[in-house]
Amino acid sequence: MNAEEFLLAYIRSEFLTPNLATQSYVSNTTSSSIHTSPLQNPSNQLKKEETSYTKLTSDLYYSNDRIGTLKIPELDLSVKVYEGTTDKDLEKGVGHFSNSSVWNGNVVIGGHNRGVNNYFGKIHNLDIGDKITYTTKLGTRTYKVYSIEKISNTEYNKVFEKTKDNIITLITCVKNESDYRWCIKARQDWNNNPMPLY
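Anyway, here's the lowdown on the structure attached to this text. Values in this document were obtained by computation on a predicted structure and should not be read as measured data.

Conventions adopted
Residues numbered from 1 in each chain as written. Predicted model: local features only at pLDDT ≥ 70, side-chain atom pairs only at ≥ 80, totals over all residues. Heavy atoms only, no water. Core = buried A, V, L, I, M, F, W, Y, C linked by side-chain atoms within 4.5 Å. Buried < 20%, exposed > 50% of the residue type's maximum accessible area, 1.4 Å probe, protein only. Helix = DSSP H or I, 4+ residues; strand = E, 2+ residues; numbered from the N terminus. Contact = heavy atoms within 4.5 Å. Polar contact = N/O pair within 3.5 Å; in protein donor to acceptor, adjacent residues only side chain to side chain. Phe/Tyr/Trp six-rings, centres within 6.5 Å; stacked < 30°, edge-to-face > 60°. Lys NZ or Arg CZ within 6 Å of the ring centre and 35° of its normal. Salt bridge = Lys/Arg side-chain N within 4 Å of Asp/Glu carboxyl O.

## Considerations on the nonpolar core
Then, in step 1: Judged by nonpolar contacts, the single largest core of 27 residues is most densely connected at Leu70, Ile109, Ile132, Tyr134, Ile168, Leu170 and Ile184.
Then, in step 2: Those elements giving two or more residues to this core turn out to be β2 (66-72), β3 (77-83), β5 (106-110), β6 (131-136), β7 (139-152), β8 (167-174) and β9 (177-188).
Then, in step 3: Discounting chain neighbours no more than four positions away, the residues touching Leu70 are Leu77, Ser78, Val79, Val81, Ile109, Phe120, Ile132, Thr133, Tyr134, Ile168 and Leu170.
Then, in step 4: Judged by nonpolar contacts, the second largest core, of seven residues, contains Val159, Phe160, Ile171 and Cys183.

## Let's talk about the side chain of Glu149
Then, in step 1: With respect to the element layout, Glu149 can be found in strand β7.
Then, in step 2: Among the polar contacts made by the side chain of Glu149, one reaches the side chain of Lys158 at a distance of 2.9 Å.

## Thoughts on the packing of aromatic side chains
Then, in step 1: Tallied over the full model, the rule gives two aromatic pairs.
Then, in step 2: Here Phe97 and Phe160 contribute two aromatic rings whose centre-to-centre distance is 5.6 Å and whose plane-to-plane angle is 80°, an arrangement assigned as edge-to-face. Here Phe160 lies in the loop between α3 (156-159) and β8 and Phe97 lies in the loop between β4 (94-96) and β5, a separation of 63 residues in the sequence.
Then, in step 3: Phe97 sits in the buried class, given a relative accessible area of 4%.
Then, in step 4: In this arrangement the basic side chain of Lys137 is found over the ring face of Tyr62, its NZ or CZ atom lying 5.5 Å from the centre.
Then, in step 5: Geometry around Tyr180 places Lys150 over its ring, the cationic atom sitting 5.3 Å from the centre.

## Notes on the pattern of salt bridges
Then, in step 1: Scanning all chains against the criterion turns up six salt bridges.
Then, in step 2: Put simply, Glu149 and Lys158 hold a salt bridge, and the shortest N to O gap is 2.9 Å.
Then, in step 3: The class of Glu149 is buried, set by a relative accessible area of 9%.
Then, in step 4: Of the charged contacts, one joins Glu155 and Lys158 as a salt bridge, the two residues approaching to 3.5 Å between their closest N and O atoms.
Then, in step 5: In this structure Lys158 comes out as partly exposed when scored by relative accessible area, which is 24%.

This is the structure:
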């Protein structure tokens, strides 16, 4: 399956659990911005060679099959990150989208916003500047939130943005609005990560 086929499958929610899935993948593509920051990076039009990407390899897994840990102090959240967004993956924690980077560039992580494992139930309450920490076998990075946006479920270009910056994108459903998703973006905080990690 090539990248375009994967994205189309994602739009149709073939890889998402029922909670993250949409009831209809054809909808209005307008977005309603809740919070944005002047730090937001308009670099979605970078040339392919200018983007950063780290592929997930077998040596990056921990012994319990997780690939990392995500912490959001403002929400008192600490959760394990697993590869994939299937029901089985999200029963254990939150899921890394396999078509996104695992370290450099844009790391995309999805999670439930209700039910037993509603780890992302309050991410839309974050504020610009709140911190997110992501730890993998490659190191620990701290990010600062720069965008909190309610987007259409078809705006996957906002979720899977290609960038040379190190960002983390968190995605979850909007309660009782199946055509929309909460999309939180945070950029690496160089004050907390003075040395580039790779």
